[in-house]
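# Structural characterization, general
In case you want the letters, here they are:
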Number of protein chains: 2
Amino acid sequence: MKRLLDLDIPDRAVNLQQLIEDCATTLKYQVKTGHPHFFNQLSCGLDIISMAGEWLTATANTNMFTYEIAPVFILMENVVLSKMREIIGWQGGDSILAPGGSISNLYAFLAARHKMFPDYKEHGAAGLPGQLVMFTSDQCHYSIKSCASVCGLGTENCVMVPSDERGRMITTELERLIMQRKAKGHIPFFVNATAGTTVLGAFDNLNEIADICQKYNCWMHVDAAWGGGLLLSRRHRHPRFTGVERADSVTWNPHKLMGALLQCSTIHFKEDGLLISCNQMSAEYLFMTDKQYDISYDTGDKVIQCGRHNDIFKLWLQWRSKGTDGFERQQDRLMDLAQYQVRRIHEQSDRFHLIMEPECVNVSFWYIPKRLRGVPHDANKEKELGKICPIIKGRMMQKGSLMVGYQPDDRRPNFFRSIISSAAVTEADVDYMLDEIHRLGDDL
Amino acid sequence: MKRLLDLDIPDRAVNLQQLIEDCATTLKYQVKTGHPHFFNQLSCGLDIISMAGEWLTATANTNMFTYEIAPVFILMENVVLSKMREIIGWQGGDSILAPGGSISNLYAFLAARHKMFPDYKEHGAAGLPGQLVMFTSDQCHYSIKSCASVCGLGTENCVMVPSDERGRMITTELERLIMQRKAKGHIPFFVNATAGTTVLGAFDNLNEIADICQKYNCWMHVDAAWGGGLLLSRRHRHPRFTGVERADSVTWNPHKLMGALLQCSTIHFKEDGLLISCNQMSAEYLFMTDKQYDISYDTGDKVIQCGRHNDIFKLWLQWRSKGTDGFERQQDRLMDLAQYQVRRIHEQSDRFHLIMEPECVNVSFWYIPKRLRGVPHDANKEKELGKICPIIKGRMMQKGSLMVGYQPDDRRPNFFRSIISSAAVTEADVDYMLDEIHRLGDDL
């Protein structure tokens, strides 16, 4: 790749013609994430309206910390985020857009800590009555554990609760582990439930987790960065999100299932006022109180970022272009396509092995090459199937025909996980995915 | 504003014509941050090449966590960041782009803590030999204090070192305060030096601070989010940045003096390998070791964000379009214009009062209305001059002719702080700024 590209930063300017060639070369060698044969990440596809929104955002080139310099965009944030909280099932509350789900989860952690230990902001860990502990499933996104590292708990105080064979937190284990830590004199204060795990697309049981949080006085966070879009679907919302309104905070990334351009991540709180009291540093040069407008519209002091990219316009414009109904249809369509893929895998069960019936648009499967067809499925065969995943992936990349991700998990070696989150995907593309994997892997 | 705009998120889609009107309305009522009469923020202006870069970025719509899905952009990051470290004065090292200077500063804090207390990641504050303390000047950006809050030190363990009348940290005070905390049994470990303060544009003395850091075994961070651009200027780099190569980490925001589109912020480390060992959570689904390429090009495990917006292309393209020489000329031009403004203020000393000779493009001044001209300058007069700042600002906003920010500081009531960071500004625009303030404020 280095040989193909001239990436040098010269002392003297290159001319306009060269810049145009630079752009063309970049697009030529860059991965086509909007192509319907890109099934590789949670964010696939390219929504043209959202893209137009991002172009306007670039042109308006402003920062989101004060109403003064982003009046229209700040009002849009208020409208969209309030709508999203309504969809979650809350009246009131507060929200913010953050640079990705990991930072959204960090905001939830910080707000929880501040709510339960308001002295922490000033006095730090030294002012606490004991060791704080947080809980999450072993299938959670790694940003949850990262909070424990960043914020001074230490990763050993982020307890990984075992999950069942479908990737859902075992809630009896959650309760047992909370009691175990309490017996040590620790202070359980935060439980993360995942609504749509990264690999398997599993949904933790929110009502059971809410019961436990209530019983042990823990903050309940729902990381719906991935699954959040299904809140919009009457068909798929239940039972996946049943009980979500009992959470204290919810992360939801429109840049995933909803197809907004990268990045577009939201974090929502049931209680209003927490974000500001948690994160406020009251920089007097930016957030003066003698301004000519209602300063409650300034958002900069609610976040740890100061400057904040405008991530709202692309979502607002896209939502206008689809309507809430259109978003719902899109979610249903993606789920239908994943079910279509599952049926096709079942129909070709000599060539493909479905690992489990999916709850989301993640489909987990192995490809079975000729030499292994008919061989009974056991641990040895899984090991062989795992070994060929990187080889098939390498062939996909060499040929440039398809992208599907693979990874191991705690229970099994490498397997493919395809994602259908692009609105451009059709049944024919799903067939192509399976056929192409067969073409690439038959001889392995 | 709410009456002027239809921001509603409807159930049913609006048509394309309406979407185009939405875009036009948004641009109409949004602040024109690219206009040469916008002197309000550290980031002003609109570089057309950087904007084109951002459009392509949107079109390519990818994430920066793995080489697999962002090969061209990851290589660009390597080239540009390596060039920036070379300009700082380092061989080797490591860097990353972050969503804004505040998060860049947080990365520096985390790396410092990890370097000095590697057990912290796993064991948290409980595993430390004592209370960690950090130091920064009272003129620093508030994100430094925010690190103490977020990461468990508590804001009372972020010591604010007094600054002199020009806004520069008093380094003898730094040493005294370090010794004071050591005497209490605390552990000073991190000193932030600011290269370009937000309000006054002051530069802390880096060599003196480096000497103290060396003596007391503290990590030295330089927050050059604002002033970083001047590293490119042979005329202005010294004495402002003399000693910068002695720092352990440097924040530098190309979206400020260099005019890259929002957001574009970089954080640089002298030591390679720290970012990864500090932030790595080793998500096995994303950062597998059996990939078909050199996984040292994956960046996702170096950051606490997982997903990361592509902030490099707009900067790379802009740099190609100007060359390093062009960037240097641009920095010199901005500084010349600020000096022009200073001269014009001196020439109109009946109407304007310059607060101090600036070190950067921040110019701090009061406007003197007719009734106060010739009145001796004292605390009472300053109080009066401070009162009229919000009124003039209100009139600017009503008329829509100009934007210049004002704020108080520890030493004085409200005063104007203009910023010349837009390449579109000319001498005529500087004259317009002063004339327009006069027109708006003469009668106050």
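Below you will find a few notes about this structure. Quick caveat: nothing in here was measured; it's all calculated off a predicted structure. (Residues numbered from 1 in each chain as written. Chains lettered and ligands numbered in written order. Predicted model: local features only at pLDDT ≥ 70, side-chain atom pairs only at ≥ 80, totals over all residues. Heavy atoms only, no water.)

This brings us to the interface of chain A and chain B. Between chain A and chain B, the contact holds 126 residues from the first and 126 residues from the second. With both sides pooled, the region where chain A packs onto chain B buries about 10,700 Å², and carbon together with sulfur makes up 61% of that total. When the buried area of chain A at its contact with chain B is split by residue, A:Ile9, A:Tyr142 and A:Arg320 rank highest and sum to 8% of it. Viewed at the interface, chain B and chain A are joined by six salt bridges. The salt bridge involving B:Glu68 is made with A:Lys393; its shortest N-O contact spans 2.7 Å. Summed over the shared surface of chain A and chain B, the number is 59 residue pairs in polar contact (both at pLDDT 80 or more). Take the side of chain A that touches chain B: its biggest share by element is 11 residues, from helix α11 (residues 313-347) of chain A. Tallied by class, the residues present in the side of chain A that touches chain B amount to 65 nonpolar, 36 polar and 25 charged. (Contact = heavy atoms within 4.5 Å. Buried area = accessible area lost by both parts, 1.4 Å probe. Salt bridge = Lys/Arg side-chain N within 4 Å of Asp/Glu carboxyl O. Polar contact = N/O pair within 3.5 Å; in protein donor to acceptor, adjacent residues only side chain to side chain. Helix = DSSP H or I, 4+ residues; strand = E, 2+ residues; numbered from the N terminus. Nonpolar A, V, L, I, M, F, W, Y, C, P; charged D, E, K, R; others polar.)

A separate point is helix α12 (residues 379-399) of chain B. Residue and element names in this part refer to chain B. Here α12 contains 21 residues, and its C-alpha end-to-end distance of 31 Å stays within 8% of the 30 Å for a straight helix at 1.5 Å per residue. Buried residues along α12 sit against β10 (362-367), β11 (403-407), β12 (415-419) and α13 (427-441). Once α12 ends, the next one or two residues include glycine 400, with phi positive near 75°. (Expected span 1.5 Å × (residues − 1).)

For these two chains of identical sequence, chain A goes onto chain B by a turn of 180° and a shift of 0.0 Å along the axis, with RMSD 0.0 Å. With respect to symmetry, the two chain copies, as superposed, fit the operation of a two-fold axis. Among all residues of chain A, the one whose C-alpha sits closest to the rotation axis is A:Cys151, at a distance of 2.0 Å. The share of interface residues of chain A whose copies in chain B are also at the interface is 100%, consistent with both copies meeting through the same surface. (Least-squares fit on C-alpha atoms with pLDDT ≥ 70 in both.)

This part covers the side chain of A:Lys83. Here A:Lys83 is to be found in helix α3 (residues 71-88). One buried charged side chain, A:Lys83, makes no salt bridge at all; its nearest oppositely charged neighbour is B:Asp11, positioned 4.1 Å away. In this structure A:Lys83 touches A:Trp319, A:Thr324, B:Ile9 and B:Asp11, once residues within four positions along its chain are discounted. (Buried < 20%, exposed > 50% of the residue type's maximum accessible area, 1.4 Å probe, protein only. Lys, Arg positive; Asp, Glu negative; His and termini not counted.)

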